[in-house]
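Given next are the chains, with one letter for each unit.
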Amino acid sequence: MNTMKQTIEAAENVLLHTYNRYQIVLDRGEGVKLFDTEGKEYLDFFAGIAVSALGYGNKALSGAIKDQVDKLMHTSNYFYSVPAMEAGKKLAKASGMDRVFFTNSGTEAIEGAIKAAKKYAYTRDGHGGFEIIAMERSFHGRSVGALSVTGNAHYREPFEPLMGGVKFAVFNDIDSVKAQVTDRTCAIIMETVQGEGGIYPADPDFLRQVRALCDEKDILLILDEIQCGMGRTGNMFAYQGYGIRPDIMTCAKALGCGVPVGAFAMTGRVAEKSLAPGDHGTTYGGNPLVCAAVSEVFDQFEELHILENVRETGAYLRDRLEKLAGAVPSIKEVRGKGMLLGVEFDHPVSGIIAYCIEHGVLLINSGANVLRVIPPLVVTKEHVDQMIAVLEEAIRKDS
Ligand SMILES: *Cc1c(COP(=O)(O)O)cnc(C)c1O
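Residues numbered from 1 in each chain as written. Predicted model: local features only at pLDDT ≥ 70, side-chain atom pairs only at ≥ 80, totals over all residues. Heavy atoms only, no water.

**Quick look at the overall build of the chain**
To be explicit about the condition: Helix numbers and strand numbers start at the N terminus; a helix is a DSSP run of H or I with at least 4 residues, a strand a run of E with at least 2. Within these notes, the globule rule equals 2.2 Å times the number of residues to the 0.38 power, and the radius of gyration is based on C-alpha atoms. Only protein chains enter the accessibility calculation, which uses a 1.4 Å probe; a residue is then buried when its area is under 20% of its type maximum, exposed when over 50%, and partly exposed in between. Throughout, a contact is declared for two residues whenever any of their heavy atoms are within 4.5 Å. Here, Shrake-Rupley sampling with a 1.4 Å probe gives the accessible areas, and only protein chains in the shown set may cover a residue. In this tally, Lys and Arg are treated as positive and Asp and Glu as negative; His is ignored, and so are the chain termini. Charge positions come from single atoms, namely NZ of Lys, CZ of Arg, CG of Asp or CD of Glu.
In terms of helices and strands, the chain carries 14 helices and 17 strands. For 399 residues, the compact-globule estimate of 2.2 N^0.38 gives 21 Å, and the chain sits close to it at 21 Å. Overall, the chain is about 60 × 55 × 45 Å in size when its C-alpha atoms are taken along their principal axes. The proportion of buried residues among the 399 residues of the chain is 52%. Nonlocal contacts in the chain, meaning residues at least 24 apart in sequence, comprise 71% of its contacts between residues at least 6 apart. For the chain, the exposed area adds up to about 18,100 Å²; of that, 52% sits on carbon and sulfur atoms. Computed over 41 positive and 51 negative side-chain charges, the separation of the two mean positions in the chain equals 3 Å.

Given below as structure tokens:
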């Protein structure tokens, strides 16, 4: 058997070095615990970047996937399948959207959303050349299209020129959005809660004003719910907590709880003028295997009362973090919603994270100074207490 050191060395010799990985080889999971190949246990407040909402070893989910593996994994989108029909219905119902397209990732969902918005405007006006307004500090993915609307110059610069016609506005500043609107604007894209950019929720007034602006000018509002959706904020989708609905939404991460799948969805009004046969496609997207997972994920969310747990345990988690912030001068702010929380320090958090991981608690950052707290949505108050105890120690050792 390989030691972790041997695995890490061999991996570094073959995998393209696009990540500075933690020096752990993860092997298996159980509940909200992960175990490395040498048997060490970790309490997971990272959830594989907000993916593993149901934790690990959910028998109903793994059972549904195994059954589908034995039955039929793939058909291509030239045929119908019961799992795709069922997963589509459940996502449409949960999101308040009418038409769903399944993709293989979040990035591809963004690509689809961009194309859907452009096609809508093209059908309406009979010409192309449309613009999209995106937000500073946003993150929408790494493909050329998704990168073009990502508000991080460091990520974009080496790959320019990217997709043209993108203008950036300041998140939560309606005047800066209005200043970028032209008669060519076809869409405004933003995360309902900015995830990679430091955990910044949209202000309710801002989001309502953007919605009103879009209604007034027939601009499509695209909300990226890839990280903040699927129950993470205490609503199935974060925009439901704002009392508004986007025209197009994107979803991924926890949608398959570990099975790689994303989706973009839209209202019927948009769908009528948008992507038609020949305009968009995918070979794998929405195959029976991933859709069997998606379908079971929605069932498990109900059966395990996930939203109730996010609200209750998320409030407890926030309360514990705020009490910690009150006692620790280097913490500037605790922000976010539900179980998508950020703790901003006045210095980089890499030392704190390293200590926590060494002491069996997995945490992640969001930008250099923000600790991101995104556990599986099944965590309990006892898990929160365990995490806080280690975090307190890490902060003490760090100062
Ligand atoms: C992770 C993420 C993406 C990209 O999703 P991938 O599945 O990594 O392609 C896009 N938008 C947001 C808000 C994300 O958090």
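**Observations concerning the pattern of salt bridges**
Worth spelling out the cut-off: Here a salt bridge means any side-chain nitrogen of Lys or Arg lying within 4 Å of a carboxyl oxygen belonging to Asp or Glu.
Under the criterion given, the structure shown has 23 salt bridges. A salt bridge links Lys167 to Glu131; the shortest N-O distance between them is 3.6 Å. With Lys167 in strand E6 (residues 166-169) and Glu131 in strand E5 (residues 131-135), this residue pair connects regions lying 36 residues apart in the sequence. For Lys167, a relative accessible area of 25% puts it in the partly exposed group. Taking the relative accessible area as the measure of exposure, Glu131 reaches 17% and is therefore buried. For Glu344, the salt bridge identified is with Lys332, shortest N-O distance 3.7 Å. Of this pair, Glu344 sits in strand E14 (residues 340-345) while Lys332 sits in strand E13 (residues 331-337), and the two are twelve residues apart along the sequence. Through salt bridges with shared partners, one network takes in Arg124, Asp125, Arg211, Asp215, Asp218, Asp247 and Arg269.

**Topic: the site of the ligand**
The test is simple: When at least one non-hydrogen atom of a residue lies within 4 Å of a molecule or strand, that residue is treated as near it. Polar contacts, as counted here, are pairs of nitrogen or oxygen atoms within 3.5 Å of one another; within protein the pair requires one atom able to donate a hydrogen and one able to accept it, and residues that are adjacent in sequence qualify only if both atoms are side-chain atoms.
All residues in the neighbourhood of the ligand are listed as Ser105, Gly106, Thr107, Phe139, His140, Glu191, Asp224, Ile226, Gln227 and Lys253. At 2.7 Å, a side-chain N or O of Asp224 approaches a nitrogen atom of the ligand. Across the complex, the protein chains shield 82% of the 380 Å² of accessible surface that the ligand would expose by itself.

**What to know about the sheet that holds E14**
Quick reminder of the rule: Pairing between two strands requires that DSSP report at least two bridges joining them. Axis definition: a line fitted to C-alpha atoms, limited for helices to the stretch in contact. Angles are taken between N-to-C directions and run from 0 to 180 degrees.
Taken together, four strands build an open sheet; the order of strands is E13-E14-E17-E16 and the sheet is antiparallel. The open sheet has two edge strands with one neighbour each: E13 and strand E16 (364-365). Across two bridges, the pairing between E16 and strand E17 (residues 370-373) is antiparallel. Across the sheet, the residue bridging to Ile364 is Arg372, located in E17. Across the face of the sheet, helix H12 (residues 306-327) comes into contact with E13, E14 and E17 while running at roughly 170 degrees to E13.

**What to know about the nonpolar core**
Under the convention used in this document: By nonpolar core is meant a set of buried Ala, Val, Leu, Ile, Met, Phe, Trp, Tyr and Cys residues that side-chain atoms within 4.5 Å join together. For each domain, the first and last residues come from an automatic or database assignment.
The biggest cluster of nonpolar side chains holds 103 residues, and the ones touching the most others in it are Ile188, Met190, Met230, Leu255 and Leu391. Sort the elements by how many residues they give to this core and helix H11 (residues 288-303) lands first, with eight residues. Both domain 1 (4-54 + 305-398) and domain 2 (60-303) contribute no fewer than three residues apiece to this core. Listed in part, the 26 residues of the second largest apolar core include Ala116, Val149, Phe168 and Phe264.

**Let's talk about the packing of aromatic side chains**
Selection rule: Note on ring pairs: Phe, Tyr and Trp rings are taken, using the six-membered ring of Trp, and paired if centres are within 6.5 Å. Classes follow the plane angle, with under 30 degrees stacked, over 60 edge-to-face and the rest tilted. Geometrically, a lysine NZ or arginine CZ counts as sitting over a ring once it is within 6 Å of the ring centre and also within 35 degrees of the ring normal.
A full pass over the atoms with the stated rule returns four aromatic pairs. Ring plane angle 80 degrees and centroid distance 6.0 Å describe the contact between Phe139 and Tyr155, whose orientation is recorded as edge-to-face. Separated by 16 residues along the polypeptide, Phe139 in the loop between E5 and helix H6 (144-148) and Tyr155 in helix H7 (residues 153-156) bring together distant segments of the chain. In this structure Phe139 comes out as buried when scored by relative accessible area, which is 18%. Tyr155 gets classed as partly exposed once you look at its relative accessible area, which sits at 24%. Sitting above the plane of the Tyr155 ring, Arg142 keeps its charged end 4.0 Å from the centroid. A cation sits over an aromatic face here: Arg335 above Tyr200, 3.9 Å from the ring centre.

**Describing unusual backbone geometry**
Here the residue pair Glu160 and Pro161 is connected by a cis peptide bond, since its omega of 5 degrees sits within 30 degrees of zero. By secondary structure assignment, the location of Pro161 is in the loop between H7 and E6. Of note, Ile49 is a non-glycine position whose phi angle comes to about 60 degrees, a positive value. Relative to the helices and strands, Ile49 resides in helix H2 (residues 47-50).

**Topic: the sheet that holds E5**
Read across the sheet, seven strands follow the order E4-E12-E11-E10-E7-E5-E6 without closing on themselves; strand pairing throughout is mixed. Looking at strand neighbours, the two that pair on one side only are strand E4 (99-103) and E6, the edges of this open sheet. Recorded for the sheet is a direction-independent mean angle of 20 degrees between the axes of neighbouring strands. Where E5 and strand E7 (residues 185-191) come together, three bridges link them in parallel fashion. Looking across to E7, one finds that Ile133 is bridged to Ile188. Packed onto the sheet, helix H4 (residues 82-95) meets E4, strand E11 (248-251) and strand E12 (262-266) and runs at close to 120 degrees relative to E4. Sitting on the sheet, helix H5 (residues 106-125) is in contact with E4, E5, E7, strand E10 (220-224), E11 and E12, with an inclination near 170 degrees to E11.

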